[in-house]
Amino acid sequence: VQLQASGGGLVQAGGSLRLSCAASGRTGRTISNNALGWFRQAPGKEREWLTSISWKGDTIYADTVKGRFTISRDIAKNTLYLQMNSLKAEDTAVYYCAVSRSSAATSRLDFYNNWGQGTQVTVSS
């Protein structure tokens with residue numbers, strides 16, 4: 001399965017963006033049977049887990065984005081989404097999507113074994 005993130009860009013603080021992560025290849029079992037997640041990495045910082053959705057659709061969020069970001073998926077379209085509202089300058093980073101080897105939503109980076117290329121999000125203050 002190949003993952004391609006898109007939708008990043010430059011936005012003013014307080015604005016919104018929706019990121020997409022399209023899966024291609026042998027996606028059927030992966031999208032519907034595995035947990036999916038979004039991460040970000042700012043310059044000079046470690047990769048940070050943001051949110052995950054389980055195979056059943058259960059979601060979990062990091063405190064830094066809870067209430068502002070929403071993860072969702074469209075199994076028919078083989079696409080994962082991240083709706084980002086009330087963006088802040090500190091949200092500036094490269095954003096990545098990934099597939100977990102587990103079906104349960106998890107914040108553990110070592111569970112994610114298939115990563116898409118990132119998309120840059122820049123929030124101006």
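Our subject is the structure listed above.
Within any chain, residue numbers begin from 1 and follow the written order of that chain's sequence. Whole-chain, interface and lining totals are the exception, using all residues; otherwise, since this is a predicted model, local features are given only for residues with pLDDT of at least 70 and side-chain atom pairs are given and counted only at 80 or more. Only hydrogens and water are set aside; all other atoms, that is, all heavy atoms of the structure, feed into the side-chain values.

Points about the sheet that holds strand β3 (residues 17-24)
Right, so step 1: Strand pairing is assigned whenever DSSP identifies at least 2 bridges connecting the two strands. Comment: elements are numbered from the N terminus, with helices defined as DSSP H or I runs of at least four residues and strands as E runs of at least two. Taken in spatial order, the four strands make up an open sheet running β1-β3-β8-β7, and their pairing is antiparallel. The sheet is open, and its two borders are formed by β1 (2-6) and β7 (69-74), each paired with just one other strand. Averaged over all neighbouring strand pairs, the angle between strand axes comes to 15 degrees, with direction disregarded.
Right, so step 2: Sheet analysis places β7 next to strand β8 (residues 79-84), joined by six bridges and oriented antiparallel. When the bridges of β8 are listed, S72 appears paired with Y81. Angular values range over 0 to 180 degrees, each being the angle between N-to-C directions of two axes fitted as lines to C-alpha atoms, with helices fitted over their stretch in contact.

Re the state of the cysteines
Right, so step 1: A pair of sulfur atoms, both from cysteines and within 2.5 Å, is called a disulfide here. Applying the stated criterion across every chain, the model contains one disulfide.
Right, so step 2: C21 shares a disulfide with C97; S-S distance 2.0 Å. Where C21 bonds to C97 through sulfur, the torsion about that S-S bond is close to 65 degrees, and the disulfide is right-handed. On the criterion of sequence distance, the pair formed by C21 in strand β3 and C97 in strand β9 (residues 93-100) is long-range, its members being 76 residues apart. For the pair C21 and C97, a shared accessibility class is recorded, and that class is buried. For every residue, the accessible area (1.4 Å probe, protein chains only) is compared with the maximum for its type, and the residue is labelled buried under 20%, exposed over 50%, or partly exposed between those bounds.

What to know about the nonpolar core
Right, so step 1: Core analysis: the biggest nonpolar cluster contains 33 residues, and W38, F69, L80, L82, M84 and Y95 have the highest contact counts within it.
Right, so step 2: Among the elements of the structure, β1, β3, β4 (36-41), β5 (48-53), β7, β8, β9 and β11 (119-124) are those that each provide at least two residues to this core.
Right, so step 3: A per-element tally of this core places β9 first, with five residues.
Right, so step 4: Here, residues are in contact when the closest pair of their heavy atoms is within 4.5 Å. Ignoring any residue separated from it by four or fewer positions in sequence, one finds L82 in contact with L17, R18, L19, W38, L50, T51, F69, T70, I71 and Y95. The nonpolar core is taken to be a set of buried Ala, Val, Leu, Ile, Met, Phe, Trp, Tyr and Cys residues, with the residues joined through side-chain atoms within 4.5 Å.

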